[in-house]
Amino acid sequence: MSDAQNIQWFPGHMTRTRRQIEAQLKIIDAVAEIVDARIPVSSRNPDLAGIIADKPHLILLNKCDMADEKATAEWISYYAKQKIPAIAVDCRSGKGLSNFKDAVKNLLSDKLRGYAEKGMVGKPLRVMTVGIPNVGKSSFINRIAGNSRAKVENRPGVTRGNQWFTVDRQLELLDTPGVLWPKFEDKIVGERLAFTGAVSDRVVDVEWLAMRLLEILARDYPQMLVSRYGIDELDEDSYELLCRIGKKRGMVIRGGETDTERAANMVLEEYRNCKIGRITLERAGENA
Ligand code: G4P
């Protein structure tokens, strides 16, 4: 990425979050990690696997309504090979969420059998939900647990201030204590988070960002660009492509030049609203 701009990210404060999560690991049975199905690598926290160590772990590929279905299926197989169950969900509509409880029970089947043998029926499974900001964690919790936020209790081992939610008598969710950051310092990660709108446009140059996106779409999803913008050639540089798209949409300023800033904002917005199509920017195995 030679021509990429150097985006300045905030380093984040993982130390505190790491301690907060580690303190809760003893009282939870599993971790449900929410990722953005369009960028399943860049929307993960790089330290999480090390923090949760061997705690049972499942992945929710959220926003699957906006991702390429085939790519999502490939990701699910990819994680399965790593013995991490994954399910595709759309927490805005609730699609796919009915599989969540079964996925948790399957993951923890040994534990459930152990409970049954000891006659500990009715002991709920406790799952910690984690995810970087904007990945859809609040939407997930709202969808699956409604407004069942538990009162702060004096349960042994349960730190005051942690947010517990009751899904039903068999399942409780703990929201992540602290904030999990993505790998901001990696330029490619930053760029992909910016494409999806997970980081604000204000910290990046929108024209440059839209050009980078067009470059990727022309390579991976050319047909979608052709049908959305009615352009027949994609083998030109991304600045020319941006200009042509802008012109097609009548975004012209004095002298017949394209208003590239407007065109860039439009392309980014149309990508984020899924108007260009269902697009996944990271493929299983390639960037993982
Ligand atoms: P967070 O707690 O992880 O920070 O994320 P949050 O649930 O607030 O979701 C961030 C944005 O992503 C919200 O949009 C939310 O509606 C959207 N979102 C969450 N899950 C899905 C999904 O599965 N599919 C789609 N298409 N969108 C999803 P927003 O524009 O910030 O808010 P709003 O306009 O929905 O209120």
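Before any of the text, the structure's been laid out above.
Residues numbered from 1 in each chain as written. Predicted model: local features only at pLDDT ≥ 70, side-chain atom pairs only at ≥ 80, totals over all residues. Heavy atoms only, no water.

K.L.:
Which parts of the structure should I look at to understand the layout of surface pockets?
P.N.:
Empty space left among the atoms is revealed by rolling a probe the size of a water molecule over them. Considering only enclosed or pocket space, the largest pocket measures out at about 330 Å³ in volume. Within the lining of the largest pocket, the residues separate by chemical class into four nonpolar, seven polar and six charged. Of the volumes computed, that of the second largest pocket is approximately 270 Å³. When grouped by side-chain class, the residues that make up the lining of the second largest pocket number ten nonpolar, three polar and three charged. (1 Å grid on protein atoms, 1.4 Å probe; cavity = no way out; pocket = protein on both sides within 12 Å on 5 of 7 lines; lining within 4 Å. Points joined across faces, edges and corners; volume = space filled by probe spheres on them. Nonpolar A, V, L, I, M, F, W, Y, C, P; charged D, E, K, R; others polar.)

K.L.:
Please explain empty space enclosed by the protein as it appears in this structure.
P.N.:
Following the criterion strictly, the structure yields one cavity of 30 Å³ or more and no others. For the largest cavity, the full set of lining residues is Asp36, Arg38, Ile39, Ser43, Ile132, Pro133, Asn134, Val135, Leu193, Thr196 and Ala198. Along the lines of polarity and charge, the residues of the lining of the largest cavity split into six nonpolar, three polar and two charged.

K.L.:
Explanation requested: the pairing of strand 1 (residues 30-36) in the structure shown.
P.N.:
A regular strand carries its side chains on alternate faces of the sheet. Counting buried positions along strand 1 yields seven of seven residues, so the element is predominantly enclosed. Across the two faces of strand 1 the burial is the same, with Ala30, Ala32, Ile34 and Asp36 and Val31, Glu33 and Val35 all buried. Strand direction decides the pairing type here: strand 1 and strand 4 (residues 125-130), joined by four bridges, are parallel. In the strand pairing of strand 4, Val31 is matched with Met128. Relative to strand 2 (residues 57-62), strand 1 runs parallel, the two sharing six bridges. The partner of Ala32 across the bridge, within strand 2, is Leu58. (Buried < 20%, exposed > 50% of the residue type's maximum accessible area, 1.4 Å probe, protein only. Helix = DSSP H or I, 4+ residues; strand = E, 2+ residues; numbered from the N terminus. Pairing = 2+ DSSP bridges.)

K.L.:
Any chance you could explain the pattern of salt bridges here in plain terms?
P.N.:
Once the charged atoms of two side chains with opposite charge are near each other, the side chains can pair. The full count for this structure, using the stated rule, is 19 salt bridges. One connected set of salt bridges, linked through shared partners, spans Asp68, Lys70, Glu74 and Arg283. (Salt bridge = Lys/Arg side-chain N within 4 Å of Asp/Glu carboxyl O.)

K.L.:
Would you explain the site of the ligand in this entry?
P.N.:
Around the ligand, a shell composed of 15 residues is seen, among which Cys91, Asn134, Lys137, Ser138 and Ser139 lie nearest. In the environment of the ligand, an oxygen atom lies 3.2 Å from a nitrogen or oxygen atom belonging to the backbone of Val135. Interatomic distance of 2.4 Å between a side-chain N/O atom of Ser138 and an oxygen atom of the ligand. When each cavity is represented as a set of grid points, the ligand is found to reside in the largest pocket. Residue contributions to the shell around the ligand peak at three residues, all from helix 6 (residues 137-145). (Near = heavy atom within 4 Å. Polar contact = N/O pair within 3.5 Å; in protein donor to acceptor, adjacent residues only side chain to side chain. Sits in = over half its atoms within 2 Å of the grid points.)

K.L.:
It is not clear to me how helix 1 (residues 14-25) should be interpreted in this structure. Could you clarify?
P.N.:
Residues that lie three or four places apart on an α-helix share one face, since the helix turns once every 3.6 residues. Given a rise of 1.5 Å per residue, twelve residues ought to cover 16 Å, and the 16 Å separating the end C-alpha atoms of helix 1 matches this to within 8%. Taken together, the buried positions of helix 1 are occupied by Met14, Thr17, Ile21, Gln24 and Leu25. Mapping the buried residues of helix 1 onto a view down its axis gives an arc of 110°, with all of them on the same face. Opposite the buried face of helix 1, by more than 90 degrees, sit the exposed residues Arg16 and Arg19. (Expected span 1.5 Å × (residues − 1). Arc of directions from axis to C-beta.)

K.L.:
Please explain the nonpolar core as it appears in this structure.
P.N.:
A general feature of soluble globular proteins is that nonpolar side chains tend to end up buried together. Ranked by internal contacts, the top residues of the largest apolar core, which has 61 residues, are Phe100, Phe140, Leu225 and Leu281. Broken down by element, the residue count for this core peaks at nine residues, all from helix 8 (residues 206-220). One finds Met14, Ile21, Met128 and Val130 within the second-largest nonpolar core, a separate group that totals 14 residues. (Core = buried A, V, L, I, M, F, W, Y, C linked by side-chain atoms within 4.5 Å.)

K.L.:
I keep staring at the environment of Ser139 and nothing clicks. Help me out?
P.N.:
With respect to the helices and strands, Ser139 occurs in helix 6. A residue is classified by how much of its surface remains accessible, and Ser139, at 35% relative accessible area, is partly exposed. Between the C-alpha atoms of Ser139 and Ala67, which are 72 residues apart in sequence, the distance is 17 Å.

K.L.:
Is there a simple way to think about the side chain of Arg38 in this case?
P.N.:
On the secondary structure map, Arg38 appears in the loop between strand 1 and helix 2 (48-52). Leave out the neighbours within four places in its chain, and Arg38 touches Lys63, Met66, Ala67, Thr196, Tyr271, Arg272, Ile279, Thr280, Leu281 and Glu282. (Contact = heavy atoms within 4.5 Å.)

Geometry only, nothing functional implied.
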